[in-house]
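Residue-level structure breakdown
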Amino acid sequence: MKKTITIVDYGSGNLLSAQQSFIKAAGSIGIDAEIQISNNPKKLELSTHVVLPGQGAFKTCMDGIQKIPGMEDELNQFVTIKQRPFFGICVGMQLLADSSEENGNHQGLGWIEGTIKKLPGADIKLPHMGWNSIKIVNKNSEIKPAENDYYFVHSYYFDCTNSDNVLAETKYAINFPSIVNKENVYGCQFHPEKSSNQGLNIIKDFINL
């Protein structure tokens, strides 16, 4: 069956970079897939998978989604009613939380319980930028990341309420969740599309869901 993977365009994120990585990953495992970029909520109705990239501030990204008529409702339908595979990247992962403390208090999509908080420590450089390793803390997932280096750019982290939702952690001042998961929803704090073959392998696992 052909897969239709929609990368949501809401004014944030490396859309073309993500699209090219998904095209490459699908081709390398022989999956017949249409990888489209769209800001049309109706496209989500026909999608088998949805990807939410993200760059910048949490509130700006949430505002971008909410400014598109019907987008937030359709995302909720896709994730909670249809329960189809969903993947958030960087701030796109942080939007999965209940709320964020970045520049005030702001509501998120609320699909994975927790709060977005600033990485602590007066002696650390922010943003946390560059390559860093991950440690697998939960192997009960259909996505099987390698314990390798991945590319990060962020100043805030996902403080998960339930440790069962944390698949992998990374250390930078503290151990923070670098991959989260709840049922059909997955998120990476790092950029798999910028993380060489190990990043492509995560994308392959997601496409195979």
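Structural notes, computed from the coordinates. (Residues numbered from 1 in each chain as written. Predicted model: local features only at pLDDT ≥ 70, side-chain atom pairs only at ≥ 80, totals over all residues. Heavy atoms only, no water.)

Ordered in space as E6-E5-E7-E11, the 4 strands form an open sheet in which the pairing is mixed. Two strands in the sheet have a free side with no partner beyond their single neighbour: strand E6 (106-107) and strand E11 (156-160). One ladder, built from 2 bridges, connects strand E5 (residues 99-100) with E6; its direction is antiparallel. Counted as the bridge partner of Ser-100 is His-106 from E6. (Pairing = 2+ DSSP bridges. Helix = DSSP H or I, 4+ residues; strand = E, 2+ residues; numbered from the N terminus.)

Now for the environment of Pro-53. Structurally, Pro-53 is set in the loop between strand E3 (49-52) and helix H3 (58-66). With 44 residues separating them along the chain, Pro-53 and Asp-9 place their C-alpha atoms 8.2 Å apart. Beyond its immediate sequence surroundings of up to four residues, Pro-53 is in contact with Ile-7, Val-8, Tyr-10, Ser-12, Gly-13, Leu-15, Ile-89 and Gly-92. (Contact = heavy atoms within 4.5 Å.)

Turning to the packing of helix H1 (residues 15-28) against helix H6 (residues 196-207), a few remarks are in order. The geometry of H1 relative to H6 is characterised by a closest axis approach of 9 Å and an angle of 70° between their N-to-C directions. Classified by the interaxial angle, the pair formed by H1 and H6 is roughly perpendicular. For H1 against H6, the interelement crossing comes out right-handed. Of the residues in H6, those in contact with Ser-21, Phe-22, Lys-24, Ala-25, Ala-26 and Ser-28 of H1 are Leu-200, Ile-203, Lys-204, Phe-206 and Ile-207. Grouping the constituent residues of the contact of H1 with H6 by class yields 7 nonpolar, 2 polar and 2 charged. (Axes fitted to C-alpha atoms, helices over the stretch in contact; angles between N-to-C directions. Parallel < 35°, antiparallel > 145°, perpendicular 65-115°, else oblique. Left-handed = near helix turned anticlockwise from the far one by under 90°. Nonpolar A, V, L, I, M, F, W, Y, C, P; charged D, E, K, R; others polar.)

Here we take up the sheet that holds strand E1 (residues 3-8). Strands belonging to one sheet form pairs held by backbone hydrogen bonds; the direction of such a pair is parallel or antiparallel. Across the sheet, which stays open at both edges, the 8 strands sit in the order E2-E1-E3-E4-E14-E13-E12-E9 with mixed pairing between neighbours. A strand with exactly one partner marks an edge of an open sheet, and here the two such strands are strand E2 (33-38) and strand E9 (135-136). Sheet topology places E1 next to E3; 3 bridges connect them, and they run parallel. Within the sheet, the bridge partner assigned to Ile-5 lies in E3 and is His-49. Where H1 meets the sheet, its contacts fall on E1, E2, E3 and strand E4 (86-89), and the angle it forms with E2 comes to roughly 175°. Against the sheet, H6 touches E1, E3, E4, strand E13 (174-182) and strand E14 (185-188), its axis set at about 145° to E3.

Moving on to H1. The terminal C-alpha atoms of H1, which comprises 14 residues, lie 20 Å apart, in line with the 20 Å expected from a rise of 1.5 Å per residue. Within the sequence span of H1, burial applies to Leu-15, Ala-18, Gln-19, Ser-21, Phe-22, Ala-25 and Ala-26. Summarising the axial view, the buried residues of H1 lie within an arc of 165°, below the 170-degree limit, and thus occupy one face. Pointing more than 90 degrees away from the buried face of H1 are the exposed residues Leu-16, Lys-24 and Gly-27. (Expected span 1.5 Å × (residues − 1). Buried < 20%, exposed > 50% of the residue type's maximum accessible area, 1.4 Å probe, protein only. Arc of directions from axis to C-beta.)

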